[in-house]
Amino acid sequence: MSPLAAPVALALWRERDPAARDIPGVYAGTLDLLGDQVEGAVADFAAHHVQCARLPRTVDLTDRDGAAAVTALVAVRELTAFGIAVEWTLRLPGAGVVAGISTGAPADWQPLSHLHPPTTVFRGDSSGSFGSGRDIAVQWRDSFHAAKCGFRRGPGFIEIRDRRSGSFKRLVIRTHQHDQLIQALLRGVPGTDVPSSVVARYLPSGLIHRVGRFLWWTPYRIRRWPLSTTIP
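Thresholds applied
Residues numbered from 1 in each chain as written. Predicted model: local features only at pLDDT ≥ 70, side-chain atom pairs only at ≥ 80, totals over all residues. Heavy atoms only, no water. Pairing = 2+ DSSP bridges. Helix = DSSP H or I, 4+ residues; strand = E, 2+ residues; numbered from the N terminus. Contact = heavy atoms within 4.5 Å. Axes fitted to C-alpha atoms, helices over the stretch in contact; angles between N-to-C directions. Core = buried A, V, L, I, M, F, W, Y, C linked by side-chain atoms within 4.5 Å. Buried < 20%, exposed > 50% of the residue type's maximum accessible area, 1.4 Å probe, protein only. Polar contact = N/O pair within 3.5 Å; in protein donor to acceptor, adjacent residues only side chain to side chain. Phe/Tyr/Trp six-rings, centres within 6.5 Å; stacked < 30°, edge-to-face > 60°. Lys NZ or Arg CZ within 6 Å of the ring centre and 35° of its normal. Expected span 1.5 Å × (residues − 1). Salt bridge = Lys/Arg side-chain N within 4 Å of Asp/Glu carboxyl O.

Engineer: Would you mind going over the sheet that holds strand β15 (residues 214-217) in detail, with residue names and values included?
Structural biologist: The three strands lie next to each other as β13-β15-β14, forming an open sheet whose pairing is antiparallel. For this open sheet the edge positions go to β13 (189-190) and β14 (208-211), each flanked by a neighbour on one side alone. Bridging between β13 and β15 involves two bridges; their strand directions are antiparallel. Bridge pairing in β15 links V189 to L215. Relative to the sheet, helix α2 (residues 67-81) contacts β14 and β15, its axis offset from that of β15 by approximately 5°. The sheet contacts of helix α4 (residues 176-185) involve β13, β14 and β15, and relative to β15 the element is tilted by about 110°.

Structure follows, in structure tokens:
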């Protein structure tokens, strides 16, 4: 069971066009999901032809706890993996602070750039500027494409294919211990539950992302192999 007690709220529609959402049968309801419920629930959404989900609450990466943000990010990751559009807003830490730690550099949005683009990005806390976040939202939409960073599982290995930096990177994990940890990280876990050697290996490459006290696995499972020649 996931240690993330904070649920994510979702509103669902069987149509992406906002103008069609009042048509009878298009609205699919609202619900709250805990971290260990997300993957199965999103697969059920896809089976019932849900095309669009909305997260009514801003995903706040300035939260020092991080449980609510990680559950929401896991939901966005799974919705993106199934090709379901997501309407969500994101608050990034201001320049110089990441997960409550001073870095002297702006928080990087690139590790999240394979997720369905947020409609709005804020910078800093609730009193922060909106200007730089708007630029990020535009860059995110312009650079997003399917299967930008995903993984597939085979007998005894996990292959990760990552194009978030603009160039193609491929990593194959054959360590059983890491495979088990990735299973837990897919739902999000306290950072104290992850060996420092694993954090040191996967955090700098953006395969693990930290919010507050929690870590989660960023690549999504590739459900359908892209046909585009630009995506190897």
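Engineer: Which residues make up the pairing of strand β10 (residues 149-154), and what are the values?
Structural biologist: Relative to strand β11 (residues 157-162), β10 runs antiparallel, the two sharing six bridges. Looking across to β11, one finds that C149 is bridged to D162. Where β10 hands over to β11, the hairpin turn is made up of two residues, of which G156 adopts a positive phi near 80°.

Engineer: Tell me what's going on with the sheet that holds strand β16 (residues 220-221), and back it up with residues and numbers.
Structural biologist: Strand order across the open sheet formed by four strands is β12-β11-β10-β16, with mixed pairing between neighbours. Bordering the open sheet on either side are β12 (169-173) and β16, each of which pairs with just one other strand. In this sheet, β16 lies alongside β10 in parallel orientation, the contact comprising two bridges. Its bridge partner being in β16, G150 is matched across the sheet by Y220.

Engineer: Provide a residue-level description of the nonpolar core, including the pertinent values.
Structural biologist: Of all hydrophobic cores here, the largest spans 39 residues; its most connected members are F45, L55, V59, L61, L73 and W88. Put simply, the parts of the chain that give this core at least two residues each are β1 (8-13), α1 (38-47), α2, β6 (89-92), α3 (131-143) and β15. For this core, the element with the most residues is α2, which contributes nine residues. With near-sequence residues (within four places) excluded, W88 lies in contact with L55, V59, L73, V76, L115, H116, P117, P118, T119, T120 and W140. Counting 17 residues, the second-largest nonpolar core is a separate cluster that includes F151, V194, I208 and W217.

Engineer: Kindly report on the environment of R174, identifying the contributing residues and their values.
Structural biologist: For R174, the position within the fold is in the loop between β12 and α4. R174 sits in the exposed class, given a relative accessible area of 63%. With 16 residues separating them along the chain, R174 and I158 place their C-alpha atoms 6.7 Å apart. Once you skip the residues sitting within four places of it in the chain, R174 turns out to touch G156 and F157.

Engineer: Mind laying out the side chain of H209, listing which residues take part and the relevant values?
Structural biologist: By the element assignment, H209 lies in strand β14. A relative accessible area of 11% places H209 in the buried class. A distance of 2.9 Å separates the side chain of H209 from the side chain of W216, its partner in a polar contact. Every residue in contact with H209, bar those within four places of it in the chain, is listed here: L61, L73, L112, L203, F214, L215, W216 and T218.

Engineer: I'd like a description of the packing of aromatic side chains, backed by residues and values.
Structural biologist: Scanning the model with the defined rule gives four aromatic pairs in all. Taken together, W88, W109 and W140 form an aromatic cluster joined through their ring pairs. Its guanidinium or amino end placed over the ring of W13, R21 lies 4.5 Å from that ring's centre, counting from NZ or CZ.

Engineer: Give a detailed account of α2, specifying residues and quantitative values.
Structural biologist: Note on helix geometry: an α-helix contains 3.6 residues per turn, so any two residues three or four positions apart are oriented the same way. The end-to-end C-alpha separation of α2 is 21 Å, in line with the 21 Å expected for 15 residues at 1.5 Å each. By the criterion of burial, α2 is predominantly enclosed, with 14 of the 15 residues buried. Downstream of α2 by a residue or two, G83 has a phi angle that is positive, lying close to 75°.

Engineer: Break down the pattern of salt bridges for me, with residues and values.
Structural biologist: A complete count under the given rule lists 10 salt bridges for this structure. With its nearest N and O atoms 2.7 Å apart, the salt bridge here joins R21 to E87. Placement of R21 in the loop between β1 and β2 (27-33) and of E87 in strand β5 (residues 85-87) is noted, with a sequence separation of 66 residues between them. Judged by relative accessible area, R21 falls into the buried class, the value being 9%. Residue D162 is joined to R164 by a salt bridge in which the shortest nitrogen-to-oxygen separation is 2.8 Å. Like R164, D162 is buried. Here the salt bridges do not stand alone but share partners, grouping R152, E159, R161 and R170 into one network.

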